[in-house]
Every structure is written in structure tokens, then in C-alpha cells.
Amino acid sequence: WLCFAMAKLLPYQWLRWKPAMTMNSIGSLLQMSYGPMSMLALQPFMCYSHPNGSQSLLRQPSIVCGEGDHRAMLVAGCLLLILFVFGFLTACLVAT
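Residues numbered from 1 in each chain as written. Predicted model: local features only at pLDDT ≥ 70, side-chain atom pairs only at ≥ 80, totals over all residues. Heavy atoms only, no water.

1. Observations concerning the packing of aromatic side chains
Then, number 1: If you walk through the whole model with that rule in mind, you get two aromatic pairs.
Then, number 2: Aromatic pair tyrosine 34 and phenylalanine 88: ring centres 5.5 Å apart, planes at 40°, arrangement tilted. With a gap of 54 residues between them, tyrosine 34 in helix 2 (residues 19–42) and phenylalanine 88 in helix 3 (residues 68–95) connect regions that are remote in the sequence.
Then, number 3: Owing to a relative accessible area of 23%, tyrosine 34 belongs among the partly exposed residues under this scheme.
Then, number 4: Of the residues examined, phenylalanine 88 reaches a relative accessible area of 13% and is grouped as buried.
Then, number 5: When the ring of phenylalanine 84 is compared with that of phenylalanine 88, the centres are 6.5 Å apart and the planes differ by 10°; the resulting orientation is stacked. Pair noted here: phenylalanine 84 and phenylalanine 88 are both in helix 3, with a separation of four residues, about one helical turn. Side by side, phenylalanine 84 and phenylalanine 88 carry an identical accessibility label, which is buried.
Then, number 6: Taken together, the ring pairs connect Tyr34, Phe84 and Phe88 into an aromatic cluster. (Phe/Tyr/Trp six-rings, centres within 6.5 Å; stacked < 30°, edge-to-face > 60°. Helix = DSSP H or I, 4+ residues; strand = E, 2+ residues; numbered from the N terminus. Buried < 20%, exposed > 50% of the residue type's maximum accessible area, 1.4 Å probe, protein only.)

Have a look at this one:
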């Protein structure tokens, strides 16, 4: 919305964004970033087991699952999953 509002202040009519084109551009950017954001949101949930019984993250083996840094990553992953991944799906469903 900020880009659309700023574009309305441009002096030339042909430079100003139209609402439909703005929403199309935002939707395209969100659609392009949907896959990477989904993978990033799900990474804290991908743990593997060690022979000694502990678990580590698949992409960052130095982080032990269930301990300090991992808990912060779980919170960030859940927020990203709820706000972006499910939010984008909901926006797509509402728009159609």
C-alpha cells in the first residue's frame, strides 16, 4: 500500500500505479517468495536423531532440538508459518 500511495504523488499520470496493477505486482512477489518462505518456516521442525539419543536440526547440526536457540527458532517458524504461509493461502482463497 505504501508503494501505491507514493506512486499517486508522482507528477506524471503515466508513472502512477493503478490499483489492479499494484495488487497484481504484490501478488506476484508474494507468490515468488511463497516457496522459500515455506521452507524457511518449516526448517525448525526438521530434526534428526543422533546415536546418543539427542536430536539436531537437519540444516544446522550444531543446534540441538528442544534447547535454547531451537525454541526461539520454533517461535519464529510458527509465526512465519501462520502469518505468511497460511496468510497467503487465505488471501488467495478469499480473492477467488
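There is more to say after this.
2. Looking at the state of the cysteines
Then, number 1: Inspection of the entire model under this criterion finds one disulfide.
Then, number 2: Residue cysteine 47 pairs covalently with cysteine 65 via a disulfide, S to S 2.0 Å. Taking the torsion about the sulfur-sulfur bond, which here is approximately -105°, the covalent link between cysteine 47 and cysteine 65 counts as left-handed. Placement of the pair is cysteine 47 in strand 1 (residues 47–49) and cysteine 65 in the loop between strand 2 (55–57) and helix 3, with a sequence separation of 18 residues. (Disulfide = S-S within 2.5 Å.)

Interpretation note: all reported values are geometric properties and have no functional meaning in isolation.
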